[in-house]
Amino acid sequence: FMHVLLRPFQLKLIPVIAASVLAAIGAGALVGWASGYEPLMTVLPGLIRMKPNTAAAFVFAAMALYLADARTHRAAQAVCATVVAMLGLIVLAEYIWEIDAHLDQLLFRDPVQSTYPGRMVHFSAALFLLSDLMLYPLRTRSSEIISETLALCVGFASLHRPIARCTVVRKS
């Protein structure tokens, strides 16, 4: 579908641009946490802080996506994708079995959130786990179809919260 709308050289830019945006968002949030600068900790003004482990997962996902597009360094791509999946899997396990793996505040302390300080939302953890399936360096025709399908699912699922925020009708 996209190949009809865009020229081949434009299609090749999509993964690079997506990886750059992911890396910038993740790195920006990590810099915000390191410096204590609140505006960098949020993606958009008025939103809650991005958790440090979520920001780190963004950076690792960006590296895996970039390496997947470059089609080089498959081992490094696999490591980055596995880190993303493990973060998602561990956080989901923490929620499911009500345990604390002590990953949530490994990078920075979260003084604001009290129930699960520093823990990413379970929805994000699930999307990171799904993302691994499309970022892991398996290259067959069927794996590419699965990767593209998962990318669409993760993309649409990640739009859930912003769309819900925009469509909330407030009673006067």
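This is a predicted model, so every value here is computed, not measured.

> So what exactly am I meant to see when it comes to the nonpolar core here?
The nonpolar side chains of a soluble globular protein tend to be buried, and buried together. Core analysis: the biggest nonpolar cluster contains 19 residues, and Met50, Ala55, Ala64, Met120, Ala125, Phe128 and Leu135 have the highest contact counts within it. When residues of this core are assigned to their parent elements, the largest contribution, 6 residues, is made by helix α5 (residues 74–97).

> Would you take a moment to explain helix α4 (residues 52–70) for this structure?
An α-helical turn contains 3.6 residues, so a residue and the one three or four places further along point in the same direction. Between its first and last C-alpha, α4 extends 27 Å over 19 residues, near the 27 Å set by a 1.5 Å rise per residue. When α4 is considered as a whole, its buried residues turn out to be Pro52, Asn53, Thr54, Ala55, Ala56, Ala57, Phe58, Ala61, Ala62, Ala64, Leu67 and Ala68. The first or second residue beyond α4 is Arg71, which carries a positive phi of 55°.

> Sorry, what's going on with a nonpolar patch on the surface here?
A cluster of nonpolar residues, Leu13, Ile17 and Val21, forms a patch on the protein surface that exposes about 260 Å² of accessible area. Along the chain, Ile17 falls in helix α2 (residues 8–35).

> Whenever I open this one, the pattern of salt bridges confuses me. Can you help?
Two side chains of opposite charge can pair, provided their charged atoms sit close to one another. Tallied over the entire structure, the rule returns 1 salt bridge. We note a salt bridge from Arg49 to Glu38, for which the minimum N-O separation is 2.7 Å. Within this pair, whereas Arg49 is found in the loop between α3 (38–41) and α4, its partner Glu38 is found in helix α3, the two being separated by 11 residues in sequence. Note on Glu38: relative accessible area 35%, which makes it partly exposed.

> Whenever I open this one, the side chain of Arg49 confuses me. Can you help?
Take Arg49: its relative accessible area is 17%, and that puts it in the buried class. Looking at Arg49, its side chain comes within polar contact range of the side chain of Glu38, at 2.7 Å. When residues no more than four places from it in sequence are discounted, the contact partners of Arg49 are Trp33, Glu38, Met41, Thr42, Asp110, Pro111 and Val112.

> How do you make sense of α5 when you look at a structure like this?
A rise of 1.5 Å per residue sets the reference length of α5, with its 24 residues, at 34 Å; its end C-alpha atoms lie 34 Å apart and thus fit the reference within 8%. Positive phi appears at Glu98, one or two residues downstream of α5, with a value of about 50°.

Parameters and conventions
- Residues numbered from 1 in each chain as written.
- Predicted model: local features only at pLDDT ≥ 70, side-chain atom pairs only at ≥ 80, totals over all residues.
- Heavy atoms only, no water.
- Core = buried A, V, L, I, M, F, W, Y, C linked by side-chain atoms within 4.5 Å.
- Buried < 20%, exposed > 50% of the residue type's maximum accessible area, 1.4 Å probe, protein only.
- Helix = DSSP H or I, 4+ residues; strand = E, 2+ residues; numbered from the N terminus.
- Expected span 1.5 Å × (residues − 1).
- Patch = residues over 30% accessible without salt bridge, like charges linked within 9 Å, V, L, I, M, F, W, Y side chains within 5 Å.
- Areas by Shrake-Rupley, 256 points an atom, 1.4 Å probe, with all protein chains shown as cover.
- Salt bridge = Lys/Arg side-chain N within 4 Å of Asp/Glu carboxyl O.
- Polar contact = N/O pair within 3.5 Å; in protein donor to acceptor, adjacent residues only side chain to side chain.
- Contact = heavy atoms within 4.5 Å.

Worth remembering: the numbers are spatial, not functional.
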